[in-house]
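Coordinates in review
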Amino acid sequence: MRRLEERIGYVFTDRTLLLRALTRLAYALETGLPPAAHMDALATLGDAVINVVVVEAVVAGGAHDKGAITNRKMNLVNMSRLRALAEGIDLAGYVRWGKGEASQRVWTSGRVLAECLEALIGAVYLDGGMEAAAGVLRRLGLTEKV
């Protein structure tokens with residue numbers, strides 16, 4: 001996990017948040033972890049944090065029209081973009097997958113890897129606040145071209 005922290009440029013104070021962000025529901029159920037030990041809630045939180053960070057960056061970049069802000073946000077925050085950022089840090093290699101997920105390599109298609117990145121950002125937000133989350137997203141390149 002230290003290597004992942006190096007890749008995102010953020011060191012967790014509460015490492016249980018990082019572990020939770022890397023734990024899929026299937027893995028939690030298979031191993032008997034408590035109900036709150038998986039990433040789903042963090043992914044929902046991370047999605048909201050990402051949207052706020054991106055909208056703030058778009059507005060700070062000079063956009064003032066609601067339509068322009070929305071279009072720019074949609075171009076920056078989508079499944080393909082988030083998935084590419086997750087692939088760039090080899091996030092799939094750190095996630096604790098359920099047995100079926102691992103055998104099917106679910107991270108290779110669809111939204112799964114994007115959700116894992118959202119969970120990671122949600123964990124960073126809970127651990128270090130909005131500035132920490134914005135810093136990680138900036139270092140990953142999500143808001144660099146706003």
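Here's what I pulled together on the structure shown here. All values derive from a computational prediction rather than experimental measurement.

Some words on the pattern of salt bridges
If you walk through the whole model with that rule in mind, you get seven salt bridges. Asp90 is the salt-bridge partner of Arg7, the closest N and O atoms lying 4.0 Å from each other. Remark: Asp90 occurs in the loop between helix 6 (79–88) and helix 7 (99–104) and Arg7 occurs in helix 1 (residues 2–8); sequence separation between them is 83 residues. A relative accessible area of 40% places Asp90 in the partly exposed class. Arg83 serves as the salt-bridge partner of Glu87, at 3.3 Å between the closest nitrogen and oxygen. In this pair, Glu87 and Arg83 both sit in helix 6, four residues apart, roughly one turn of the helix. Taken together, the shared-partner salt bridges in this structure form one network comprising Arg2, Glu5 and Arg15.

Notes on the packing of helix 8 (residues 112–128) against helix 9 (residues 130–140)
Put simply, helix 8 and helix 9 touch, their axes get as near as 6 Å, and they point 140° apart. Put simply, helix 8 runs oblique to helix 9. When helix 8 is examined against helix 9, the residues Leu117, Ile121, Val124, Tyr125 and Gly128 are found in contact with a partner set consisting of Met130, Ala132, Ala133, Val136, Leu137 and Leu140. Taken together, the residues of the contact of helix 8 with helix 9 break down into ten nonpolar, one polar and no charged.

Brief notes about unusual backbone geometry
Backbone geometry at Asp90 places phi at a positive 55°, although glycine is not the residue there. The backbone phi angle of Arg105 is positive, close to 50°, even though this residue is not glycine. Looking at the secondary structure, you find Arg105 in the loop between helix 7 and helix 8.

Overview of helix 4 (residues 40–60)
In a regular helix each residue adds 1.5 Å, so 21 residues correspond to 30 Å; helix 4 covers 30 Å between its end C-alpha atoms and thus fits that length. Regarding helix 4, the residues found buried are Leu42, Ala43, Gly46, Val49, Ile50, Asn51, Val53, Val54, Ala57 and Val58. Taken together, the buried residues of helix 4 touch helix 2 (15–21), helix 5 (66–76), helix 6, helix 8 and helix 9.

A closer look at the side chain of Thr143
Its location among the elements puts Thr143 in the segment after helix 9. Those residues in contact with Thr143 that sit more than four places away from it in its chain are Val53, Val54, Ala57, Leu137 and Arg138.

Section: the packing of helix 4 against helix 9
Helix 9 packs onto helix 4 with a crossing angle of 75° between their chain directions and a minimal axis gap of 10 Å. Classed by the angle they form, the pair helix 4 and helix 9 counts as roughly perpendicular. Of helix 9, the residues touching helix 4 (which contributes Val49, Ile50, Val52 and Val53) are Met130, Ala133, Ala134 and Leu137. Of the residues that constitute the contact of helix 4 with helix 9, the class distribution is eight nonpolar, no polar and no charged.

Considerations on the environment of Arg96
Tracing the sequence through the fold places Arg96 in the loop between helix 6 and helix 7. Not counting the four nearest positions on each side in its chain, Arg96 is found in contact with Leu19, Leu22, Thr23, Arg24, Tyr27 and Leu33. Here Thr23 takes part through its side chain, which lies 2.8 Å from a polar atom of the side chain of Arg96.

Some words on the packing of aromatic side chains
Under the definition given, this model contains two aromatic pairs. Relative to Phe12, the ring of Tyr10 lies with its centre 5.1 Å away and its plane at 85°, an arrangement referred to as edge-to-face. The buried category is assigned to Tyr10, whose relative accessible area is 12%. A ring pair is formed by Trp97 and Trp107, whose centres lie 4.8 Å apart and whose planes are at 35°; its orientation type is tilted. Pair noted here: Trp97 is in the loop between helix 6 and helix 7 and Trp107 is in the loop between helix 7 and helix 8, with a separation of ten residues, a long-range link.

About the thresholds
- Residues numbered from 1 in each chain as written.
- Predicted model: local features only at pLDDT ≥ 70, side-chain atom pairs only at ≥ 80, totals over all residues.
- Heavy atoms only, no water.
- Salt bridge = Lys/Arg side-chain N within 4 Å of Asp/Glu carboxyl O.
- Helix = DSSP H or I, 4+ residues; strand = E, 2+ residues; numbered from the N terminus.
- Buried < 20%, exposed > 50% of the residue type's maximum accessible area, 1.4 Å probe, protein only.
- Axes fitted to C-alpha atoms, helices over the stretch in contact; angles between N-to-C directions.
- Parallel < 35°, antiparallel > 145°, perpendicular 65-115°, else oblique.
- Contact = heavy atoms within 4.5 Å.
- Nonpolar A, V, L, I, M, F, W, Y, C, P; charged D, E, K, R; others polar.
- Expected span 1.5 Å × (residues − 1).
- Polar contact = N/O pair within 3.5 Å; in protein donor to acceptor, adjacent residues only side chain to side chain.
- Phe/Tyr/Trp six-rings, centres within 6.5 Å; stacked < 30°, edge-to-face > 60°.

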